[in-house]
Amino acid sequence: MSATESMDSVFIDVQVAEPAASDVALAKKLEEVCPVNIFRATDTGTEIVPGQLDECVLCELCVEAAPAGAVTIIKKYER
Amino acid sequence: MSILLDKETTFIVQGITGREAINLTRECLDYGSKVVGGVTPGRKGREVHGVPVFDTVAQAVENHGGPIDGSVVTVPPGFTKDAVIEAIANGIKLLVIVTERIPRGDVAEMVEFADMHGARIIGPNCLGLIVPEVCKMGGIGGPAKDAAKSYEPGVVGVMSRSGGMTTEISSSLTAAGLGVSTAVSIGGDAIIGSTYAELMPYFEADEETEAIVIYTEPGGRMEAQLAEWKTENNSRLPIVAFMAGKFMDDEEMQGMSFGHAGTIVEGKEDSATEKIKRLEEAGITVVERIDEIPAAVKERIAK
Amino acid sequence: MRFYEYEARKIVELAGIPVTRYGFCQTADEARKVAEEIGGPTVIKSQVLTGGRMKAGGVQFADTPEEAAEHAANILDLEINGLKPVGVLVDPKAEIKQEYYAGVVWDGTAKKPLMLFSDMGGIDIEQVAEDHPDHVGRGHISNLLPVGDFEAKQVIAATGVTASQLNRATPVLARLARLFRDNDMLLAEINPLAELTDGSFVALDAHMEMEDEAVGRQKKLLRKELGIAEEDTRDNYEPSQFEKNVKAIDAADHRGVIQGKDHGFSGNLGLVIGAGGGSLTLTDAVRNQGGKPANYSEIGGNPSVAKACGLAKEVLQKDGVEKIAVMMSIVSNTRVDIVARGVIKACLELDKDPAETIAIFRIPGAWEDEGAKILDHYGVEYCDRTVSLWDAAGRAVAKIQGAAA
């Protein structure tokens with residue numbers, strides 16, 4: 001197995017804006033809908049798991065589950 | 001204009017909340033397929049791209065208000081058999097099993113059960129089937145706009161053990177102006193629900209289909225079975241076959257051994273070269289380079 | 001998954017088939033003890049996963065426990081086809097009246113297991129089937145219904161066997177058929193099934209192969225009854241480090257499938273290819289155009305970025321690999337953009353320039369526009385479906401030969 005380090009978020013970044021980010025109920029929903037575990041629900045709201053960002057399949061189920069504009073998906077290769 | 005599917009075909013997706021199923025459900029809907037429900041035990045009440053999710057196939061059928069024609073099964077290998085039998089027990093007649101690595105005994109059980117109930121299984125370990133501009137069951141062809149590039153309605157029936165090669169070959173036929181009547185990714189496992197020979201009668205009965213292209217590899221007896229079928233039936237359909245994996249005939253690339261008695265049943269495992277000979281003897285054209293397929297088809301149709 | 005003879009014997013014994021009072025021994029002393037318990041002439045058999053034991057001297061007869069110990073000591077040290085035994089089987093030398101063959105295999109065309117039986121056992125069953133077809137009985141069993149004894153009886157009776165032999169052989173074949181199904185076997189053979197002078201039937205040798213896909217659900221048999229460790233996979237040849245690493249990466253994540261083989265390959269062009277049929281076609285195409293693949297691989301299903309990256313990294317780290325060719329047939333459920341992310345990440349994590357390292361990227365299909373964007377951002381040339389598999393392979397070969405020139 002390779003000993004070199006793993007890089008996070010090379011291609012995709014996901015941001016959750018306030019106040020949605022602190023919404024505990026939303027956090028649970030986001031954690032449930034994402035098929036690649038990018039979101040982790042905590043008791044203070046949503047946490048992003050950096051190691052999973054590049055696995056984003058652009059399904060946008062998170063965007064659909066959250067209030068309009070709350071979740072943004074950034075494609076770093078489009079800059 | 002098609003085998004097995006038409007504009008009215010309805011189907012469910014079993015295992016719909018999984019990563020791959022979410023993807024292919026979107027694709028099938030965009031393609032115009034009638035995905036009328038999904039089943040993931042425990043997830044009743046959810047929706048995937050607008051498709052209602054149920055706990056059981058029976059609930060999906062009830063919700064639909066009548067029999068459902070098919071199911072695309074993406075349930076993990078430890079649970080696939082149970083899901084398929086549930087589907088058949090609830091009246092579903094066409095099963096496309098995408099899942100791979102299902103134990104062979106389970107596959108054999110599903111196939112026998114399907115036989116007993118007049119159901120047909122495509123797969124497992126397959127990408128499904130597609131009738132261009134009519135219906136797509138499974139991930140074959142990918143998202144709708146990609147599938148449209150590879151699959152235009154036409155005269156060639158395509159059958160392939162390799163999911164990827166189904167689309168690769170179909171794309172070249174589309175580019176050559178021949179088009180595809182129906183393309184079937186039949187699956188890569190040792191035991192599958194529908195072999196080339198078993199699907200030939202469907203193509204034979206389809207007015208739109210004028211020729212058949214198969215993709216084949218070393219291993220197994222499916223090609224020999226097709227050669228036998230062709231010889232025994234007065235088929236109107238010319239068949240062109242492309243065979244990959246000839247490098248495996250070389251040196252120490254020897255794959256699995258079947259054990260002594262295996263060869264009694266299977267016959268001496270045909271090497272790629274032996275298979276080619278067997279196919280040609282049955283009047284099947286075999287091409288060596290993949291880009292030679294369209295020309296070979298045109299030539300055979302012209303005869 | 002293959003089994004040693006002593007394990008296969010245990011499997012048939014567990015299924016209710018009579019076996020001899022054998023002992024599995026790993027030292028000469030143990031062999032002596034077992035021979036003493038047996039109290040008569042014995043056969044000492046090397047336990048290796050290869051054939052030709054007799055010819056290589058791996059099967060010896062002993063009249064006394066002392067001789068048994070001596071033979072055991074020699075055989076335990078004897079290499080057969082490059083393999084050293086894991087132990088020896090000490091068997092009572094049987095008083096055989098007649099040898100039969102009983103076996104169960106898969107019939108892929110009928111999609112059912114097939115029972116086979118012959119009254120000409122002890123020799124190559126394929127030869128018997130060819131030369132004496134009426135001495136081989138066959139019958140399929142259902143996958144769903146329980147195996148009836150009468151089904152085995154019919155198969156045996158077809159060879160002409162009758163009287164008490166028929167009644168003794170029937171449960172053996174029936175139980176063999178049941179164990180074939182219950183234990184997910186691909187092959188289950190007893191050859192010879194011996195009729196001893198006292199009329200009893202005993203499995204003198206057994207050969208079993210279990211389907212790899214089923215190993216996960218046969219834990220009770222494998223771990224508890226046979227004591228086989230999870231890491232003990234018994235591959236046909238010793239996998240290379242590359243192959244082991246790729247297997248580990250594949251096993252760690254259930255999303256998609258990757259496979260890597262380099263047995264028989266030693267080139268400078270790493271192949272990150274798929275899927276299945278595409279891999280075969282592309283490997284042919286590379287070789288037929290003068291290229292030297294460093295490996296074979298398969299990307300299938302819908303792998304995660306991590307999996308695609310893992311495979312590419314392993315290929316790139318192989319000795320002698322200068323560039324990789326990333327090529328697949330038109331993909332439906334494998335995403336072009338996900339594979340693109342994976343192979344580029346592999347280059348970046350190994351501190352290599354993706355544009356220099358990736359000799360060609362030819363994957364048309366699902367999410368190809370997105371994939372092209374990613375590749376463009378990193379300066380990697382994207383080839384779409386208008387470039388055939390043949391041409392893609394040709395270009396990769398030209399690129400790597402050009403770089404060398």
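Before reading further, recall that the structure is shown in the block above.
**Side note on the overall build of chain A**
Of regular secondary structure, chain A possesses 2 helices and 4 strands. In chain A, the succession of helices and strands from N to C terminus is β-α-β-β-α-β. In terms of overall dimensions, chain A has C-alpha extents of about 40 × 30 × 20 Å along its principal axes. Relative to its 79 residues, chain A shows a buried fraction of 43%. Contacts in chain A between residues far apart in sequence, at least 24 positions, make up 56% of those at least 6 positions apart. As displayed, chain A has an accessible area near 4,200 Å², and 51% of this comes from carbon and sulfur atoms. Of the side-chain charges in chain A, 6 are positive and 14 negative, and the distance between the mean point of each set is 2 Å.

**Remarks on the overall build of chain B**
Counting secondary structure elements, chain B contains 11 helices and 14 strands. Since a compact globule built from 303 residues should have a radius of gyration of about 19 Å, the 19 Å found for chain B is in line with a globular shape. If you line up chain B on its principal axes, its C-alpha atoms span 55 × 45 × 35 Å. Here chain B, with 303 residues, has 63% of them falling under the buried criterion. Partitioning the contacts of chain B with sequence separation of at least 6, the portion at a separation of at least 24 is 72%. Accessible surface, chain B as shown: approximately 10,900 Å² in total, 50% of it carbon and sulfur. One way to put it: in chain B the 28 positive side-chain charges average out to a point 2 Å from where the 45 negative ones average out.

**Section: the pairing of strand β13 (residues 239-243) of chain B**
All names here are of chain B. Taken across its 5 residues, β13 has 5 buried, putting it largely inside the fold. Because side chains alternate across β13, one face comprises the buried residues I239, A241 and M243, and the other comprises V240 and F242, equally buried. The pairing of strand β12 (residues 211-216) with β13 spans 5 bridges and is classified as parallel. Each bridged residue has a counterpart across the sheet, and for Y215 the counterpart in β13 is F242.

**Things to note about the nonpolar core**
F39(A), V272(C), V326(C), V343(C), I358(C) and F361(C) are the most contacted members of the largest nonpolar core, which has 108 residues in total. Once residues lying within four places of it in the same chain are set aside, the contact partners of I358(C) are I324(C), V326(C), V343(C), I344(C), C347(C), V380(C) and K399(C). Ranked by size, the runner-up nonpolar core spans 74 residues in total, among them A87(B), A119(B), A177(C) and M208(C).

**Concerning the packing of aromatic side chains**
Residue and element names in this part refer to chain C. Summed over the entire model, instances satisfying the criterion amount to 8 aromatic pairs over all chains. Judged by centre distance (6.0 Å) and plane angle (25°), the rings of Y4 and Y6 are stacked. Like Y4, the residue Y6 is buried in the burial classification. In this structure an aromatic cluster arises from ring pairing among Y4, Y6 and F24. In this structure, R9 is placed above the aromatic ring of Y22, and the distance from its NZ or CZ to the ring centre is 5.3 Å.

**A look at the pattern of salt bridges**
Scanning the entire structure with this criterion turns up 45 salt bridges over all chains. For E368(C), the salt bridge identified is with K149(B), shortest N-O distance 2.4 Å. A residue pair is termed interchain when its members come from two chains, as with E368(C) in helix α13 (residues 368-377) and K149(B) in helix α5 (residues 144-150). Among the ionic contacts, a cluster of salt bridges with common partners joins E5(C), R9(C), K45(C), R53(C), D91(C) and D205(C).

**Focus: the side chain of T99(B)**
All names here are of chain B. When you line up the elements, T99 lands in the loop between β6 (94-97) and α4 (104-116). On the accessibility criterion, T99 (7% relative accessible area) is buried. With sequence-adjacent residues up to four places away left out, T99 is seen in contact with V73, T74, V75, P76, P77, T80, P124 and N125.

**So, unusual backbone geometry**
In the segment running from G123(B) into P124(B), the intervening peptide bond is cis, with an omega of 5°. Among the structural elements, P124(B) can be located in the loop between β7 (120-122) and β8 (128-131). Within the chain, L58(A) stands out as a residue other than glycine whose phi angle is a positive 60°. Inspection of the secondary structure assignment puts L58(A) in the loop between β3 (45-48) and α2 (61-65). Judged by relative accessible area, L58(A) falls into the buried class, the value being 11%. For K111(C), which is not glycine, the phi torsion reads 60° and is therefore positive. Within the secondary structure layout, K111(C) lies in the loop between β5 (96-107) and β6 (112-118).

**Quick look at the interface of chain C and chain B**
It is common to give the size of an interface as the accessible area lost on bringing the parts into contact. The partner chain B presents 68 residues to the 63 residues of chain C that form the contact. Between chain C and chain B, the buried area comes to about 5,100 Å², and carbon and sulfur atoms account for 53% of it. The tally of links between chain C and chain B comes to 6 salt bridges. Among the salt bridges present, the one from R101(B) reaches D250(C), with a minimum N-O distance of 3.1 Å. Counting across the chain C and chain B interface gives 21 residue pairs in polar contact (both at pLDDT 80 or more). Of all elements in the fold, only β5, β6, α4 (125-131), β8 (185-196), α9 (277-288), α13 and α14 (389-404) of chain C reach the threshold of two or more residues within the side of chain C that touches chain B. Ranked by residues supplied to the side of chain C that touches chain B, first place goes to α9(C) with 7 residues. Looking at side-chain class alone, the side of chain C that touches chain B contains 23 nonpolar, 20 polar and 20 charged residues.

**As for the packing of helix α7 (residues 196-204) of chain B against helix α8 (residues 222-232) of chain B**
All names here are of chain B. Across the interface, α7 lies against α8 with an axial gap of 8 Å and an inter-helix angle of 40°. For the element pair α7 / α8, the angle class is oblique. Between α7, through Y196, A197, E198, M200, P201 and E204, and α8, the contact on the second element is made entirely by M222, E223, Q225, L226 and W229. In the contact of α7 with α8, the residues fall into 7 nonpolar, 1 polar and 3 charged.

**With respect to the pairing of strand β10 (residues 153-160) of chain B**
Residue and element names in this part refer to chain B. Among the 8 residues of β10, 7 are classified as buried, and the element is accordingly described as predominantly covered. With 6 bridges joining them, β10 and strand β11 (residues 180-185) adopt parallel strand pairing. Bridge pairing in β11 places S160 opposite S185. Handedness of the β10-helix α6 (residues 163-175)-β11 crossover: right-handed. Direction of pairing for β10 relative to β12: parallel, over a ladder of 5 bridges. Within β12, the residue paired with G157 across the bridge is I212.

Thresholds, definitions, all that
Residues numbered from 1 in each chain as written. Chains lettered and ligands numbered in written order. Predicted model: local features only at pLDDT ≥ 70, side-chain atom pairs only at ≥ 80, totals over all residues. Heavy atoms only, no water. Helix = DSSP H or I, 4+ residues; strand = E, 2+ residues; numbered from the N terminus. Buried < 20%, exposed > 50% of the residue type's maximum accessible area, 1.4 Å probe, protein only. Contact = heavy atoms within 4.5 Å. Areas by Shrake-Rupley, 256 points an atom, 1.4 Å probe, with all protein chains shown as cover. Lys, Arg positive; Asp, Glu negative; His and termini not counted. Charge placed at Lys NZ, Arg CZ, Asp CG, Glu CD. Rg over C-alpha atoms; globule rule 2.2 N^0.38 Å. Pairing = 2+ DSSP bridges. Core = buried A, V, L, I, M, F, W, Y, C linked by side-chain atoms within 4.5 Å. Phe/Tyr/Trp six-rings, centres within 6.5 Å; stacked < 30°, edge-to-face > 60°. Lys NZ or Arg CZ within 6 Å of the ring centre and 35° of its normal. Salt bridge = Lys/Arg side-chain N within 4 Å of Asp/Glu carboxyl O. Buried area = accessible area lost by both parts, 1.4 Å probe. Polar contact = N/O pair within 3.5 Å; in protein donor to acceptor, adjacent residues only side chain to side chain. Nonpolar A, V, L, I, M, F, W, Y, C, P; charged D, E, K, R; others polar. Axes fitted to C-alpha atoms, helices over the stretch in contact; angles between N-to-C directions. Parallel < 35°, antiparallel > 145°, perpendicular 65-115°, else oblique. Right-handed = clockwise from strand over helix to strand, strands pointing away.

Remember that the coordinates give geometry; whether it matters functionally is a separate question.
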